[in-house]
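Close look at the chain arrangement
Read off the chains here:
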Amino acid sequence: MWRRISLTISKTPTLQDNEKLRASEQNVCLYKGNQGSKYKKGWIYLTDHRLCYVDDDRPEDYSIGLDLSQIESTEYTAKFVRSSGKITLALRHDQAVEEATVDSTWVCPICTFSNQLSKGFVFGRSALPTCLNCGVLASLEAIQASSISQPSPAAIDSQSKETVCPRCTFSNHPSLVECEMCGFLLKAKTETKVSLGETVKLSFRSGGSRQFYGKLGEVLEESKETIAQTSKTSTPVLDTDTMAIKFGIHSIEEAANSKHVKGDAVMVEAFADLRALMSRAEEVIKLVEAYGNSDLAISLGIGTSISRETASGKKTFYHQLARELTDFFDSSKILSKEGGAMTLHDVYAVYNRSRGIELVSPHDLRTAVELADDLGLPIRLRKLHSGVFIVEEKLYIPTHERLVQWMSRLEPWQADTGVSAQDVSNHFGWSIYIATEELESADLKGHLCRDEQPQAVRYFVNQICVPV
Amino acid sequence: MQGTPAIYEFPPFFTKQINEQTWAAQKSNWEKICLNYCKGINQWTLNKNSPVFTNSRIQRTLPAPVILELFNHMVEDGTAAWKIPNEEVYVYIKSPHLLASELVSWTEATGHSGAVITLFELTNGDLSGLSSFESLDPGILSQVLEIVFKQGNATEMREDGEVVGLKLK
């Protein structure tokens, strides 16, 4: 079952704690079975737990996610002539529907404990369940006798008419979205659900389907393993009592086995320290964030950083890098602190310092920032007339206009002497270098004019000739 | 200086502007100021050290290379001619052609046809109605006379090989 997902400012899915981006691909289309859907062109993201689709044109409305646990099986169709590579996902049977239909219990004939009938139970086909209390197999009669006990007509009536609030048990009118008594969201869950049928096809129009499929398989395998691991650790299978009685070759084997197990235990203990350290590291980062000292946080590095490995395809990597850079600026506020403009080499230094590991190359950074404008991100790359690149916030007023506006509003005494690069740097928060460059380019365009003095060049609003 | 436009008080006006359009506007503004200045004090030449290029009130002086560029522009425009190349220019408050035709029409209007006048008389302001020729630079005067002689409206009178006067027709 697909759900609506929340997005960050850079139009990527908001990741939960411990969730990491594993792969992403652009220009992907979702098919409902064999038919098209309204999810026509967008990004597909693969994280540890989810598969997310973010629409290109309307990311707010058409962004959905799917829990990996919902995926029953996957199938890969390679690119052939005009048909692009596709991944077909078969989803597990819709749980929400089951919840509504199966709501029955059976009573154990031995201990009279009333057990929930498992959701996937089909009468006559599935294996008989065991009693949770005493572990005895249920008899067919017992299930027949109790499971068919349908909810009473009165209950059906009240269900269809009124919604019972799960928090305060007040029966609300069915058309209400929030509980009348306590304000609990009654329908939020159902509204966020998006149904795309039981099989969904992902069509990769700009390629990259093979890599994505590989990653998907890997992640699915991993998530299965972790589930298996957690179930193992919760029920330890080590039974020492039974071992002591055994003799012969079997006992030798058992002894060797137990050695292994012990060795494992030692290893687990040893690495437990490391894990503890890791969990501490997370706490430390949280602590730093709580203090709001961004410089410290930057020196510690950002939590999830994308690398060439997590992004399939070269272009995808650059797109992701641009998005992450936007998020980085958004969270660290570095760009706004610098007056909304930084030279590319400054950005390179600050950004790589915050990454700490998996540094990006200057070329990668430049390519990524070049793409930012096309991706609709709030930053862009601009070449100053000296050839130096700067990364700046996207503003609707051009820089020279901002300069002229500010300068024409100056006090008369200051307007008479003009402004220097230092004045501009102080006012806009730019570095002296950028201030000088911006003044010169505005001058070159004829918006300002210069007064060359032995001490410094001072700039004035152009009164000699108004530029066309 | 009296009667200068407001732009003369604008400090960047004394620096060559890097924007082409602005620089063009700046040159034509300077040209006007130079012509007005020369007209005001009835001076027909300008050089790099002329006081017009210094505004003591805002402590700005137009640099010499820029002045030369300005002179070049004026020469191209026909409002000036080199007297000493890259040093001094004649400023044509009135062009030599205009002066020549002024002289001819003056001759006809005042009935001086056939009269002989010396160059001294011309430039000393002795002749009423010919104020343009008063204290006219000898260089420009000779240019004017050349035009007049060429048109056949007067003949030259020489003494020791130098033109000292003219006989009007």
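Residues numbered from 1 in each chain as written. Chains lettered and ligands numbered in written order. Predicted model: local features only at pLDDT ≥ 70, side-chain atom pairs only at ≥ 80, totals over all residues. Heavy atoms only, no water.

An unreviewed UniProt entry lists chain B under the name Vacuolar protein-sorting-associated protein 25, from Wickerhamiella sorbophila.

In the nomenclature of an unreviewed UniProt entry, chain A is known as Vacuolar protein-sorting-associated protein 36 of Wickerhamiella sorbophila. Turning to chain A, the UniProt annotation filed under Function (unreviewed entry) states: "Component of the ESCRT-II complex (endosomal sorting complex required for transport II), which is required for multivesicular body (MVB) formation and sorting of endosomal cargo proteins into MVBs." The record in UniProt for chain A states the following under Sequence similarities (unreviewed entry): "Belongs to the VPS36 family." (UniProt positions renumbered as here; feature names shortened; annotations may be inferred.)

What follows deals with the pattern of salt bridges. All names here are of chain A. A full pass over the atoms with the stated rule returns 19 salt bridges over all chains. In this structure, the salt-bridge partner of aspartate 423 is arginine 458, at a minimum N-O distance of 3.6 Å. Of the two residues, aspartate 423 is situated in helix H15 (residues 421-428) and arginine 458 in strand E19 (residues 457-461); the sequence distance between them amounts to 35 residues. (Salt bridge = Lys/Arg side-chain N within 4 Å of Asp/Glu carboxyl O. Helix = DSSP H or I, 4+ residues; strand = E, 2+ residues; numbered from the N terminus.)

Listed per partner, the contact involves 18 residues of chain A and 16 residues of chain B. Across the chain A to chain B interface the summed buried area is about 1,400 Å²; carbon plus sulfur atoms make up 63%. Our enumeration of links across chain A and chain B arrives at 1 salt bridge. Between arginine 60 of chain B and aspartate 451 of chain A there is a salt bridge; the shortest N-O distance is 2.6 Å. Counting every contact that joins chain A to chain B gives 6 residue pairs in polar contact (both at pLDDT 80 or more). The residue inventory of the side of chain A that touches chain B, partitioned by class, reads 7 nonpolar, 4 polar and 7 charged. (Contact = heavy atoms within 4.5 Å. Buried area = accessible area lost by both parts, 1.4 Å probe. Polar contact = N/O pair within 3.5 Å; in protein donor to acceptor, adjacent residues only side chain to side chain. Nonpolar A, V, L, I, M, F, W, Y, C, P; charged D, E, K, R; others polar.)

With that settled, the discussion passes to the side chain of glutamine 70 of chain A. Of note, glutamine 70 of chain A is situated in the loop between strand E6 (63-67) and strand E7 (71-77). Contact partners of glutamine 70 of chain A, with chain neighbours within four places excluded, come to Met1, Ala90, Leu91 and Arg92 of chain A.

Before going further, it helps to spend a moment on the confidence of the model for chain A. Confidence along chain A averages 76 in pLDDT terms, with 78% of residues attaining 70 or more. Contacts for the low-pLDDT stretch residues 234-245 of chain A, under 50 throughout, to residues beyond four places or in other chains number 3 contacts. (pLDDT = per-residue confidence, 0-100.)

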